[in-house]
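Descriptive structure summary
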Amino acid sequence: MEYHIQFSADKNALVLLDQRKLPCVEEYYTCRNVEEIIYSLKEMVVRGAPAIGVTAAWGCYLAACQLMDKHGQAAAPDAWAKDLEKLLLDLADARPTAVNLAWAVNLMRDLYKKANPQTLKGLVDFWKAEAEKIHADDIAINKRMGAYGAEVIDRGDTILTHCNAGALATAGYGTALGVIRAAHEQGKNIKVIADETRPFLQGARLTAYELHVDGIPVTVACDNACALLMQKGLVQKVVTGADRIAANGDSANKIGTYGVALIAREFNIPFYIAAPLSTIDVETKTGGDIPIEERTPLEVTHVGATQITPDGVPVYNFAFDVTPAELIAGIITEKGILRPPYNESIAKAFMK
Ligand code: MRU
């Protein structure tokens, strides 16, 4: 499944499979400018940390195209550099927790500063090639991660995952689901339990959808079934993705992940994170420094168009929580599986 984020040369636009409507409706949302990219990120037309990063790289390119329409191909940087920076800052602000967003915008900015194109046409051509590269690299990185991660999966395992860290959350193949895909491709006869993942239901709607399409056996469970499933011996491993990993290994992922990790420890079930190095933010020292996104209460008070809580009752809608490093058996990356102490293994991975 690699068609969900596609650059259309005909339209000069990024075409996204609208993840808000899956699995019942396959509809595409076309982003022709950076404002539509920002909308698609905020509203979760596209979501999942690596997919957010890839989309943001295309957003930088579309921002440069917009400025070229306004100033002309030959315009020099003093005519557009300030406007460009404002668009980049707005883009980087679209969602706070997934660090791949800032990572992609910062990378695109650094590359452009180094290349120092003297015209808008020069910038547009340069960024198009860089966005294509970030897009293709993400799939390659996920496949490498999958190969490393499959080593910790035993024949016949049932793997519980939370949220969607699959092809849909990346440019393709997935992080946690990349590990699962690789183990499946190796014929390990695995099964998956997908937590439903209230309130946006990424597990029930997206993880179940993509694994089912690929013929990987998947069962959906309510988030609150986790302890029972583990107590019954129905889970052998947990593998999830991450949105931001601090320098000490504390890992932010979809709300509910921390609870899964605590229950897994109670039952001696290894809990793994699968994430590319672009999700590790060495500037963030510990999980306490990771900003946690709060989203609209409507996601909790309503299921679709149906209201399920009384008028006027406030809700908490934190979109992520942080799993402390001591609960994580390993962080599966494209450079291998990092093990505790994470301060050391993470620092080493960045030196390689
Ligand atoms: O709010 P979302 O759907 O963007 O949150 C996604 C997750 O929490 C994923 O588990 C994480 O981004 C890893 S995706 C490979």
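Residues numbered from 1 in each chain as written. Predicted model: local features only at pLDDT ≥ 70, side-chain atom pairs only at ≥ 80, totals over all residues. Heavy atoms only, no water.

Residues in contact with the ligand amount to 19 residues; listed here are only the nearest, Arg 47, Gln 202, Asp 243, Asn 253 and Lys 254. Gln 202 has a polar side-chain atom sitting 2.8 Å from an oxygen atom of the ligand. One of the side-chain nitrogen or oxygen atoms of Lys 254 is found 2.7 Å away from an oxygen atom of the ligand. With the chains in place, 99% of the 420 Å² that the ligand exposes on its own is no longer accessible. With respect to the pocket detection grid, the ligand is positioned in the largest cavity. When contributions to the shell around the ligand are tallied by element, the ones reaching two or more residues are helix H2 (49–71) and strand S9 (251–254). Its residues placed into classes, the shell around the ligand shows 8 nonpolar, 7 polar and 4 charged. (Near = heavy atom within 4 Å. Polar contact = N/O pair within 3.5 Å; in protein donor to acceptor, adjacent residues only side chain to side chain. Areas by Shrake-Rupley, 256 points an atom, 1.4 Å probe, with all protein chains shown as cover. 1 Å grid on protein atoms, 1.4 Å probe; cavity = no way out; pocket = protein on both sides within 12 Å on 5 of 7 lines; lining within 4 Å. Sits in = over half its atoms within 2 Å of the grid points. Helix = DSSP H or I, 4+ residues; strand = E, 2+ residues; numbered from the N terminus. Nonpolar A, V, L, I, M, F, W, Y, C, P; charged D, E, K, R; others polar.)

Further remarks concern the sheet that holds strand S14 (residues 320–323). With respect to topology, 4 strands assemble into an open sheet ordered S11-S8-S9-S14, the strand pairing being mixed. Either end of the sheet is taken by a strand with one partner, and the two such strands are strand S11 (280–281) and S14. Strands in contact with helix H9 (residues 257–266) are S9 and S14; relative to S14, the strand with the most contacts, it is inclined by about 35 degrees. (Pairing = 2+ DSSP bridges. Contact = heavy atoms within 4.5 Å. Axes fitted to C-alpha atoms, helices over the stretch in contact; angles between N-to-C directions.)

Next up on the list: the pairing of strand S6 (residues 218–221). Walk down a regular strand and you will see the side chains alternate between the two sheet faces. Pairing geometry for strand S5 (residues 191–195) and S6, over 4 bridges, is parallel. Following the sheet pairing, Ala 194 is matched in S6 by Val 220.

A full pass over the atoms with the stated rule returns 0 disulfides. Free cysteine: Cys 163, not disulfide-bonded; nearest cysteine sulfur from Cys 226 at 15 Å. Free cysteine: Cys 226, not disulfide-bonded; nearest cysteine sulfur from Cys 222 at 12 Å. Taking the relative accessible area as the measure of exposure, Cys 226 reaches 2% and is therefore buried. (Disulfide = S-S within 2.5 Å. Buried < 20%, exposed > 50% of the residue type's maximum accessible area, 1.4 Å probe, protein only.)

Turning our eyes to something else, we now look at the layout of surface pockets. If you roll a probe as big as a water molecule over the atoms, it shows you where there is empty space left. The calculated volume of the largest pocket comes to roughly 440 Å³. In this structure, the largest pocket is lined by 15 residues; those nearest its centre are Pro 199, Phe 200, Glu 299, His 302 and Gly 304. Taken together, the elements giving at least two residues each to the lining of the largest pocket come down to helix H10 (298–301) and strand S12 (302–303). What lines the second largest pocket is a set of 17 residues, and nearest its centre among them are Trp 103, Leu 107, Asp 137, Ile 141 and Ser 278. The set of elements that each furnish at least two residues to the lining of the second largest pocket consists of H2, helix H4 (99–115) and helix H5 (120–149). In terms of residues, the lining of the second largest pocket owes the most to one element, H5, which gives 6 residues. (Points joined across faces, edges and corners; volume = space filled by probe spheres on them.)

What follows concerns the nonpolar core. Leu 84, Leu 91 and Trp 127 are the most contacted members of the largest nonpolar core, which has 48 residues in total. The greatest single-element share of this core, amounting to 15 residues, is contributed by H2. Apart from residues no more than four positions distant in its own chain, Leu 91 is found in contact with Val 34, Ile 37, Ile 38, Leu 41, Ala 56, Gly 59, Cys 60, Leu 101 and Val 105. Listed in part, the 28 residues of the second largest apolar core include Ala 225, Ala 261, Phe 271 and Leu 327. (Core = buried A, V, L, I, M, F, W, Y, C linked by side-chain atoms within 4.5 Å.)

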